[in-house]
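# Architecture and fold: a report
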Amino acid sequence: MAIDHDRLFKEMIMTFFEEFLLLFFPHVHEHIDFQHVAFLSEELFTDVTAGEKYRVDLLVETKLKGEDSLIIVHIENQSYVQPSFPERMFIYFSRLFEKYRKRMLPIAVFSYDSLRNEPSSFTLQFPFFDVLHFQFLTVELRKQNWRDYIRHDNPIAAALLSKMGYTENERVELKKQFLRMIVRMELDEAKQRLLIGFFETYVKLSDEEEQQLRNEVNEMETKEKEQVLELMISYEKKEKRNIAKRMLDKGYDVHTIHELTELPVEEIEELKERC
């Protein structure tokens, strides 16, 4: 099943909008009045020339501190390379401005895996005259060194470790540091599951790597070790229960589900009664 990158990033940034700005754009964060934040409905634009439809990822209506007038923050996640992306950002900007007639701050998050130098502007000019110089803020996740973010008690930082620059042999350490961040922040269960689900969508350890991770966690200091292990076990059990529910929906018998998920038979039968 294809990953819906835009949906995942939208849910993450909607949940942690303030933390997102604080992490990547602190100069913006200091001016925003977070007492007034409203998420606007999705906007769908049709490119008649290309015959394609584009949906704006996230629009946030807010205010600047000390001002009554509203502004709009437009955040666009770009999960694939598109040479014409700056032009598309300008088209979004112009159409959104035409509709809302408010000051707008455009932000692009580049989340694909390749390393590129993405432009942050779109220009229309002649040899004799510059017609337009449109700019937008950017963050290129793959260019970020994940180790620079593990001391941040910021949930967005934790989740986006999975899309930052790391090597294959750093995957176990990456997940270990991610789990330590989650434990340290003491988030509620819903937010923990959101972050873990996002992270594991992009970083799936092999069985051997998972065993290496457990071995390394067992070598941690006692209190932190217990907290991280509890988090791992709790999430693994919830995932097994979700798998069991899906298998029950598809008609698998209890004993087959028990063999594949290692959940107790009594627990699976209890799930079956609720289905």
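The chain goes by Rpn family recombination-promoting nuclease/putative transposase in an unreviewed UniProt entry, where it is assigned to Anoxybacillus gonensis.

Attention now moves to the overall build of the chain. Within the chain one finds eleven helices and nine strands. Seen through its principal axes, the chain has C-alpha atoms that stretch 75 × 45 × 40 Å. Looking at the chain residue by residue over its 275 residues, the buried ones come to 43%. Within the structure as shown, the chain displays about 15600 Å² of accessible surface, and the carbon and sulfur contribution to it stands at 48%. Each charge class in the chain was averaged separately, 38 positive and 52 negative side chains, and the resulting centres sit 2 Å apart.

Moving on, we get to the sheet that holds strand E4 (residues 58-64). A sheet is described by the order of its strands in space; here five strands give the open sequence E1-E4-E5-E6-E9, paired in mixed fashion. Whereas interior strands pair on both sides, the edge strands pair on one side only; in this sheet they are strand E1 (32-39) and strand E9 (137-140). Between one strand axis and the next, the sheet turns through 25° on average, direction left out of account. Here strand E6 (residues 103-110) runs beside E9; their pairing, made up of four bridges, is parallel. In the sheet register, Phe110 faces E9, and the bridge partner there is Glu140. Sitting on the sheet, helix H2 (residues 17-24) is in contact with E1, E4, strand E5 (70-78), E6 and E9, with an inclination near 130° to E1. Of the strands in this sheet, E4, E5 and E6 touch helix H4 (residues 85-100), which is tilted by about 150° from E5.

The subject of this paragraph is the pattern of salt bridges. Close approach of charged atoms allows side chains with opposite charge to pair. Counting across every chain of the model gives 15 salt bridges. Linking Lys143 and Glu140 is a salt bridge whose minimum nitrogen-to-oxygen distance equals 3.5 Å. The partly exposed category is assigned to Lys143, whose relative accessible area is 39%. For Arg184, the salt bridge is made with Asp153, and the minimal N-O distance between the two is 2.7 Å. Note that Arg184 is positioned in helix H6 (residues 171-185) and Asp153 in the loop between E9 and helix H5 (155-160), a separation of 31 residues in sequence.

A few words now on the packing of helix H1 (residues 5-15) against helix H7 (residues 189-202). Two elements in contact, H1 and H7, have axes separated by 11 Å at closest approach and are oriented at 145°. The interaxial crossing formed by H1 with H7 has left-handed handedness. Residue-level contacts link His5, Leu8, Phe9, Glu11, Met12 and Thr15 of H1 to Lys191, Leu194, Leu195, Phe198, Thr201 and Tyr202 of H7. In terms of residue class, the contact of H1 with H7 is built from seven nonpolar, three polar and two charged.

Of all the positions in helix H11 (residues 265-274), only Val265, Glu267, Ile268 and Leu271 are classed as buried. Buried residues along H11 cover an arc of 160° about the axis, so they all sit on one side. Turned more than 90 degrees from where H11 packs its buried face, Glu266 and Glu273 sit exposed.

The rules behind each value
Residues numbered from 1 in each chain as written. Predicted model: local features only at pLDDT ≥ 70, side-chain atom pairs only at ≥ 80, totals over all residues. Heavy atoms only, no water. Helix = DSSP H or I, 4+ residues; strand = E, 2+ residues; numbered from the N terminus. Buried < 20%, exposed > 50% of the residue type's maximum accessible area, 1.4 Å probe, protein only. Areas by Shrake-Rupley, 256 points an atom, 1.4 Å probe, with all protein chains shown as cover. Lys, Arg positive; Asp, Glu negative; His and termini not counted. Charge placed at Lys NZ, Arg CZ, Asp CG, Glu CD. Pairing = 2+ DSSP bridges. Axes fitted to C-alpha atoms, helices over the stretch in contact; angles between N-to-C directions. Contact = heavy atoms within 4.5 Å. Salt bridge = Lys/Arg side-chain N within 4 Å of Asp/Glu carboxyl O. Left-handed = near helix turned anticlockwise from the far one by under 90°. Nonpolar A, V, L, I, M, F, W, Y, C, P; charged D, E, K, R; others polar. Arc of directions from axis to C-beta.

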